[in-house]
Amino acid sequence: MCNFNKTLLHEYIDGELAPLEVQILEEHLKSCSECRKELNQLKILDWDLHHQDAIEVPYEQLAQLRKSTFDDCCREYWESQETSNLAEVYKIQTSSMLMAVNYMHYLPGARLIKNAGSSTRNYVGKRLNWRQLIGPKR
Amino acid sequence: MDISIHVIRRCKQKEREAFDILLSSYEEQLYRLCFHYTRNHENSMDIMQEVFIRVFRAIDSFDESRPFWPWLKRIAVNSCLNYKRDEKHLYTALEDLDMDKPDLINVIASHHSLEEEIIVRDTGRIIEESILALPEPYRMVITLRYLENMSYQEIASYLDLPLGTVKSTLCRARNILRKQCQALGLMEV
């Protein structure tokens, strides 16, 4: 049973060994039939894996798939953009209205307007005769 | 072959035609990668669709200073790895292996030696079935090594694995395949 590091055999057939490691391995192979056999098997497997059946590419189906997928993706994207634009407009309008309402609290004379409003209510609450306000009937 | 930055920028603006220009030149290579991994047409098409969708969503994050193909290939590799492979997928994949191949009667009529054809076909089928039966991440490592001819370092960066792990994974995957082929008498030397 050989104790040689078998990973080196794999790296050897993949061309991933350093020159010095290649020399050491080749020296070892001269005297080890077990590693030679394994290396030969790996080379056969490597050849089989490199020479698998050619893959038939379904060009038309792929083009169809690409077309339908990107059609859907683009449509969904632009629809969502439109919806989000409407939502954005709604949001901006709502916020500007809220800001306007808030600004009312800081208006100079806001208290006066408020008091005037309540005074008017009180005045109206007394059920005044409108004639008194608009003057005598001609 | 790499695509112009202009087309990628158009894709980032979500221009429909730009995606056709961008992907049409790569879809053949993408399909080969998916098919090599799944060994099944239907599953490959499912993954291809997933790749297209991911490209559409992720194109905004693509760094224009880098080449496009490695980025796209990484998306395809991740889509393959994430593809849910249940028993049904595996079952249909195994059943479909011979469906697209010509009948033996055509081989008899051709100039090729029938015996050689049967041996080559059997070997190819056994190798395919053996690769299909490999657990992850062995399958993807084998795919990247033999379809894309990637070096250990490239595989490591694609799969976010340490270099040593890639070496040992490839070594184990090949040992599994070698033992299976050996058991079936395909390793007579």
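Residues numbered from 1 in each chain as written. Chains lettered and ligands numbered in written order. Predicted model: local features only at pLDDT ≥ 70, side-chain atom pairs only at ≥ 80, totals over all residues. Heavy atoms only, no water.

Caption draft 1: How the structure looks around the pattern of salt bridges. Going through the model one piece at a time under the given rule, you end up with 23 salt bridges over all chains. One salt bridge in this structure joins R10 of chain B and E15 of chain B, with 2.9 Å as the shortest N-O distance. Close ionic contact of K12 of chain B with E64 of chain B constitutes a salt bridge, the shortest N to O distance being 3.0 Å. Residue K12 of chain B is found in helix α1 (residues 5-12), and its partner E64 of chain B is found in the loop between α4 (41-58) and α5 (68-82); the two are separated by 52 residues along the sequence. Look at the salt bridges and you will find they share partners, linking R66, K67 and D71 of chain A together with R16, D20 and E27 of chain B into a network. (Salt bridge = Lys/Arg side-chain N within 4 Å of Asp/Glu carboxyl O. Helix = DSSP H or I, 4+ residues; strand = E, 2+ residues; numbered from the N terminus.)

Caption draft 2: How the structure looks around the nonpolar core. One finds I59, F68, L72, I142 and L144 of chain B to be the most contacted residues of the largest nonpolar core, which totals 61 residues. Residue assignment places this core across two domains, with domain 1 (1-84) and domain 2 (101-189) of chain B each supplying three or more. Residues C2, L29, C35 and L42 of chain A belong to the second largest nonpolar core, which totals twelve residues. (Core = buried A, V, L, I, M, F, W, Y, C linked by side-chain atoms within 4.5 Å. Buried < 20%, exposed > 50% of the residue type's maximum accessible area, 1.4 Å probe, protein only. Domains from an automatic or database assignment.)

Caption draft 3: View of helix α3 (residues 27-38) of chain B. Residues and elements named next belong to chain B. The end-to-end C-alpha distance of α3 is 16 Å, a good match for the 16 Å that twelve residues give at a rise of 1.5 Å each. By the burial criterion, the buried members of α3 are E27, L30, Y31, L33, C34, F35, H36, Y37 and T38. Just downstream of α3, R39 is the residue with a positive phi angle, here 60°. (Expected span 1.5 Å × (residues − 1).)

Caption draft 4: Layout of the side chain of E11 of chain A. Along the chain, E11 of chain A turns up in helix α1 (residues 7-13). Residues contacting E11 of chain A, with those up to four places away along its chain left out, are E16 and L17 of chain A together with Y152 and K167 of chain B. (Contact = heavy atoms within 4.5 Å.)

Caption draft 5: Main features of the packing of helix α4 (residues 59-104) of chain A against α4 of chain B. Interhelical geometry of α4 of chain A versus α4 of chain B gives an angle of 35° and a closest axis separation of 10 Å. Relative to α4 of chain B, the crossing made by α4 of chain A is right-handed. Contact residues: Q61, L62, L65, R66, T69, F70, C73, C74 and Y77 of chain A in α4 of chain A; H41, M45, M48, Q49, F52, I53 and F56 of chain B in α4 of chain B. When grouped by side-chain class, the residues that make up the contact of α4 of chain A with α4 of chain B number eleven nonpolar, four polar and one charged. (Axes fitted to C-alpha atoms, helices over the stretch in contact; angles between N-to-C directions. Left-handed = near helix turned anticlockwise from the far one by under 90°. Nonpolar A, V, L, I, M, F, W, Y, C, P; charged D, E, K, R; others polar.)

Caption draft 6: Molecular detail of the confidence of the model for chain A. Of the residues in chain A, 80% reach a pLDDT of 70 or more, and the chain-wide mean stands at 81. Mean pLDDT values over the elements of chain A span from 59, in helix α6 (residues 130-134) of chain A, up to 92, in helix α2 (residues 19-31) of chain A. (pLDDT = per-residue confidence, 0-100.)

Caption draft 7: How the structure looks around the interface of chain B and chain A. Residue-level contacts link 46 residues of chain B with 37 residues of chain A. With both chains or domains summed, chain B and chain A bury close to 4,000 Å², and 64% of this area falls on carbon and sulfur atoms. For the pair chain B and chain A, the interface holds eight salt bridges. Counting across the interface, chain B meets chain A through 16 residue pairs in polar contact (both at pLDDT 80 or more). (Buried area = accessible area lost by both parts, 1.4 Å probe. Polar contact = N/O pair within 3.5 Å; in protein donor to acceptor, adjacent residues only side chain to side chain.)

Caption draft 8: Local environment of the packing of α4 of chain B against α5 of chain B. Residues and elements named next belong to chain B. Interaxial distance between α4 and α5 falls to 9 Å at its minimum, and their mutual angle equals 130°. Judged by the angle between their axes, α4 and α5 are oblique. Crossing angle aside, the handedness with which α4 passes α5 is right-handed. Two secondary-structure elements touch here, α4 through I47, E50, V51, R54, V55 and A58 and α5 through W71, L72, I75, A76, N78, S79, C80 and N82. (Parallel < 35°, antiparallel > 145°, perpendicular 65-115°, else oblique.)

Caption draft 9: Region of interest: the side chain of D14 of chain A. Along the polypeptide, D14 of chain A turns up in the loop between α1 and α2. Residue D14 of chain A is classed as buried on the basis of its relative accessible area, which comes to 8%.

Caption draft 10: Representation of unusual backbone geometry. Residue and element names in this part refer to chain B. Positive phi values are uncommon outside glycine, yet R39 reaches one of about 60°. Here R39 shows up in the loop between α3 and α4. The phi dihedral of D160 is positive, around 55°, even though this residue is not glycine. By secondary structure assignment, the location of D160 is in the loop between α10 (152-159) and α11 (163-183).

Caption draft 11: The packing of aromatic side chains, seen in detail. According to the stated counting rule, one finds twelve aromatic pairs over all chains in the structure shown. On the basis of an interplanar angle of 20° and a centroid distance of 4.8 Å, the ring pair of F70 of chain A and F19 of chain B is categorised as stacked. Pair noted here: F70 of chain A is in helix α4 and F19 of chain B is in helix α2 (residues 16-24), and the two residues belong to different chains. Accessibility assignment for this pair places F70 of chain A and F19 of chain B in one class, buried. Measuring from centroid to centroid gives 5.4 Å for Y26 of chain B and F68 of chain B, while their planes differ by 55°, and the two rings are tilted. Of this pair, Y26 of chain B sits in the loop between α2 and α3 while F68 of chain B sits in helix α5, and the two are 42 residues apart along the sequence. In this structure, Y26 of chain B and F68 of chain B share a single accessibility class: buried. (Phe/Tyr/Trp six-rings, centres within 6.5 Å; stacked < 30°, edge-to-face > 60°.)

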